[in-house]
Amino acid sequence: MMLKLVVCIKQIPKVAELPWDEKTGTLKRDLAAGMMNPACKHALEAALQIKEQFPAEITVITMGPPAAEEVLREALALGADEAILISDRMLAGSDTFATSLVIKEAIRKQCPEFDLILCGAYTADSETAQVGPQLAEELDLPAAAYVEKIEIEGRTLRVRRLVDNFRETLEMEFPALVTVSMENHKPRYTSLAGLEKSFHANDLMVLDARVLNLTDSSIEAQGSRTKVRKVFLRKAQKGNILMQGTASMVVTEFLDQYQRKIGTVIGKSIEAEKFDEEK
Amino acid sequence: MQLNPCAKHKLIRDAVRNFAETELAPIAAEIDRSATFPREVIGKMRPLNYFGLQVPREYGGAALDSISAAIVVEEISRVCAAIGLCVTVHNGVAVYPILQFASPEQKKQYLSKLASGEFIGAFSLTEANAGSDSASVETTAVQRNGGYCLNGTKIFVTNGGVCDLALIFALTGSDPGKLQSSVFIVESNSVGFLRGELEDLCGMRANPVSSLFLEDCFVPEKNLLGKIGDGMKIGLATLDNGRIGVAAQALGIAQGAFEAAVKYAKERQQFKKPIASLQTVQNYIADMATKIAAARLLVYRACSVKDAGMPFGCEASMAKLYCSTVASEVTSLAVQIHGGYGYSKEYDVERYFRDAKVTEIYEGTSEIQRMVIARAVLSKLIF
């Protein structure tokens with residue numbers, strides 16, 4: 001049986017190159033180069049790993065301006081089979097709620113027979129972590145967020161997720177939705193042949209609002225319910241902390257207090273022993 | 001749907017940069033210091049098509065256009081020029097002549113192995129008495145028992161210490177007055193194929209540059225590339241192509257040193273302010289940025305002319321001459337901006353500085369490039 005996987009991905013501005021206007025509090029997104037959101041890359045990697053174990057087909061979907069085609073090409077280069085770009089000026093400025101409605105329509109129209117939808121747990125540019133769970137609601141699917149491990153047995157999906165300071169394992173039946181965290185599923189490198197080939201592929205489809213039967217009034221009625229009023233730069237709070245005692249005491253205390261924060265900054269856990277239920 | 005080639009080039013740059021920064025950046029300084037060829041990273045590059053940049057897909061290559069291939073070399077060299085050198089020599093002067101001049105049987109025998117990186121290639125023209133004067137090769141190939149017996153010494157062979165296959169330029173013919181240069185595909189496991197010690201060089205130290213000794217090395221007839229006497233033709237065409245690669249490499253070195261200098265200029269405080277706020281440093285940065293941008297356009301221009309199927313020797317020489325000059329200037333200024341720290345191995349710019357110099361020397365010195373460019377200009381009927 002062929003598993004049908006749908007991966008929702010987002011193109012975000014390259015954080016390091018993002019021009020920022022401190023006076024107006026706006027991000028000059030159109031000036032920044034785009035890239036695939038890191039958590040979305042992990043979600044795609046999770047799908048690719050499933051495809052290595054089972055016969056599966058991967059469809060990637062993104063909503064964005066025409067330039068968002070780039071992340072779809074990258075996904076095709078990495079091993080996705082089909083790509084869908086939802087692009088329409090009418091959809092510009094959609095909030096997470098409107099976005100999940102639009103993606104729902106695209107999935108219903110193009111891949112109604114899906115088994116599993118995978119999303120990145122959150123995006124690095126807005127960090128709401130809402131689109132995945134909202135999409136699950138809209139499609140009335142069992143779902144789990146912040147998933148770090150996926151196992152499939154027949155039609156049963158078993159996932160492990162990290163919540164606060166504990167891990168839980170959940171089981172659900174297909175069709176289902178998961179949002180994938182950046183804990184595992186380290187993205188593979190893109191091959192050069194894959195990239196070259198992805199630009200000759202005809203498996204990229206572009207959908208606009210009309211094709212999805214979304215009209216001005218339907219988007220207005222159900223569309224964006226939130227509005228970003230202001231974005232501002234958080235001022236760094238600097239202060240000195242003095243730790244005293246023997247070297248080993250100081251280091252132990254330092255790690256106790258700060259290893260999580262350091263881990264966040266450097267992007268990987270430095271905790272001495274990671275809790276793992278298999279151990 | 002309209003395909004935007006710029007999107008492809010951007011994705012290729014992103015992909016290579018990600019690989020280089022993750023895999024090569026952490027080891028670049030160490031493999032330079034210890035002159036170590038990083039086999040493990042090379043192993044990771046193989047399945048990602050770094051050794052078959054422009055090889056057709058039927059042989060397992062990536063079938064990239066020339067700008068894409070230049071971007072690959074540029075981005076690797078931006079982080080680790082010695083490995084950029086390995087990649088550009090393999091693709092630009094070992095694989096390229098096989099693509100251009102090999103028989104269908106030779107392509108079948110070697111292209112897949114080269115494209116997959118199972119075989120690393122080298123190009124052996126230079127000898128003790130044959131550098132810029134490439135016609136003065138003294139290595140000989142004497143016909144014997146359905147093949148050729150090669151004798152001679154090649155020096156400064158990039159990838160020499162690890163190559164599985166080398167293109168050897170040798171003189172053929174029995175009449176001493178009418179010797180012709182020819183090219184042979186020689187596998188490194190051939191009897192009589194010996195490697196010398198690795199060279200102890202100023203820069204590019206992670207690349208195993210060595211001499212190759214051919215002592216009654218037997219090569220079967222079928223390993224002659226092109227025809228007897230094609231040596232000059234193959235050599236010149238190959239060097240034209242190799243020069244685009246070295247230009248891209250020099251560009252990457254300049255870019256890497258430039259970024260390090262800008263970062264340092266913003267961080268380094270003197271007179272209670274970042275040195276980037278000093279006008280002299282700003283002038284350095286402006287000049288570096290402008291020259292790098294111009295250099296990049298020359299590389300891509302040579303690539304475009306090549307992909308259009310037109311003669312590109314002059315364009316390649318211009319790109320190589322300018323990029324290597326810019327690389328030397330920019331890396332020197334990058335050291336200057338770093339001050340005393342730039343002269344220390346604590347910072348990467350001293351490595352960039354050492355690596356840059358040789359781009360003005362190999363694959364034709366700057367003096368030879370000027371000769372090629374002047375000849376092309378002066379040979380035009382109307383000017």
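The model shown is predicted, which means the values in this text are computed figures rather than measured ones. (Residues numbered from 1 in each chain as written. Chains lettered and ligands numbered in written order. Predicted model: local features only at pLDDT ≥ 70, side-chain atom pairs only at ≥ 80, totals over all residues.)

Another aspect to go through is the overall build of chain A. Scanning chain A from N- to C-terminus turns up seven helices and 13 strands. Evaluated residue by residue, chain A yields a buried proportion of 35% over its 279 residues. In chain A, the share of contacts with a sequence separation of at least 24, taken over all contacts with a separation of at least 6, comes to 69%. (Helix = DSSP H or I, 4+ residues; strand = E, 2+ residues; numbered from the N terminus. Buried ≥ 20, exposed ≤ 12 C-beta atoms within 10 Å, placed from the backbone. Contact = placed C-beta atoms within 7 Å.)

A separate point is the packing of helix 8 (residues 313-338) of chain B against helix 9 (residues 349-357) of chain B. Residues and elements named next belong to chain B. As a packed pair, helix 8 and helix 9 sit with axes 9 Å apart at the nearest point and diverge in direction by 160°. Compared by their axis directions, helix 8 and helix 9 come out roughly antiparallel. Between helix 8 and helix 9 lies a crossing of left-handed hand. Across from Ala327, Ser328, Thr331, Ser332, Ala334, Val335 and His338 in helix 8, the residues of helix 9 making contact are Val349, Glu350, Tyr352, Phe353, Ala356 and Lys357. (Axes fitted to C-alpha atoms, helices over the stretch in contact; angles between N-to-C directions. Parallel < 35°, antiparallel > 145°, perpendicular 65-115°, else oblique. Left-handed = near helix turned anticlockwise from the far one by under 90°.)

To continue, consider helix 3 (residues 66-79) of chain B. In this model helix 3 of chain B runs 21 Å from its N-terminal to its C-terminal C-alpha over 14 residues, within 8% of the 20 Å that 1.5 Å per residue would give. Here helix 3 of chain B lies mainly inside the structure; 14 of its 14 residues are buried. (Expected span 1.5 Å × (residues − 1).)

This part covers the environment of Arg370(B). Tracing the sequence through the fold places Arg370(B) in helix 10 (residues 366-378). Between the alpha carbons of Arg370(B) and Ala302(B) there is a distance of 16 Å; along the sequence they are 68 residues apart.

Turning to helix 7 (residues 279-307) of chain B, a few remarks are in order. With 29 residues, helix 7 of chain B ought to run about 42 Å at 1.5 Å a step, and its terminal C-alpha atoms sit 42 Å apart, in line with that. The first or second residue beyond helix 7 of chain B is Gly309(B), which carries a positive phi of 80°.

For the rest of this paragraph, the subject is the interface of chain B and chain A. Each side of the interface is counted separately: chain B has 21 residues, and chain A has 16 residues. Here the side of chain B that touches chain A gets eight residues from one element, more than from any other, and that element is helix 1 (residues 5-33) of chain B. Partitioned by chemical class, the residues of the side of chain B that touches chain A number 15 nonpolar, two polar and four charged. (Nonpolar A, V, L, I, M, F, W, Y, C, P; charged D, E, K, R; others polar.)

To continue, consider the nonpolar core. With 187 residues, the main nonpolar core has Val7(A), Phe184(B) and Val299(B) as its most contacted residues. Tallying contributions element by element places helix 6 (residues 231-267) of chain B first for this core, with 15 residues. With sequence-adjacent residues up to four places away left out, Val299(B) is seen in contact with Ala70(B), Ile244(B), Ala247(B), Ala248(B), Leu251(B), Ala319(B) and Cys323(B). (Core = buried A, V, L, I, M, F, W, Y, C linked by C-beta atoms within 7 Å.)

Let us look at the environment of Val326(B). All names here are of chain B. Tracing the backbone shows Val326 in helix 8. On the neighbour-count criterion, Val326 (29 C-beta atoms within 10 Å) is buried. Measuring from C-alpha to C-alpha, the distance between Val326 and Val262 comes to 16 Å, with 64 residues separating the pair along the chain. Here Val326 is in contact with Ala250, Ala254, Lys291, Ile292 and Ala295, once residues within four sequence places are set aside.

All names here are of chain B. Within strand 4 (residues 165-172), seven of the eight residues are buried, leaving the element largely enclosed by the surrounding structure. Looking at chain direction, strand 1 (residues 121-124) and strand 4 are connected through four bridges and run parallel. In the strand pairing of strand 4, Gly121 is matched with Leu165. (Pairing = 2+ DSSP bridges.)

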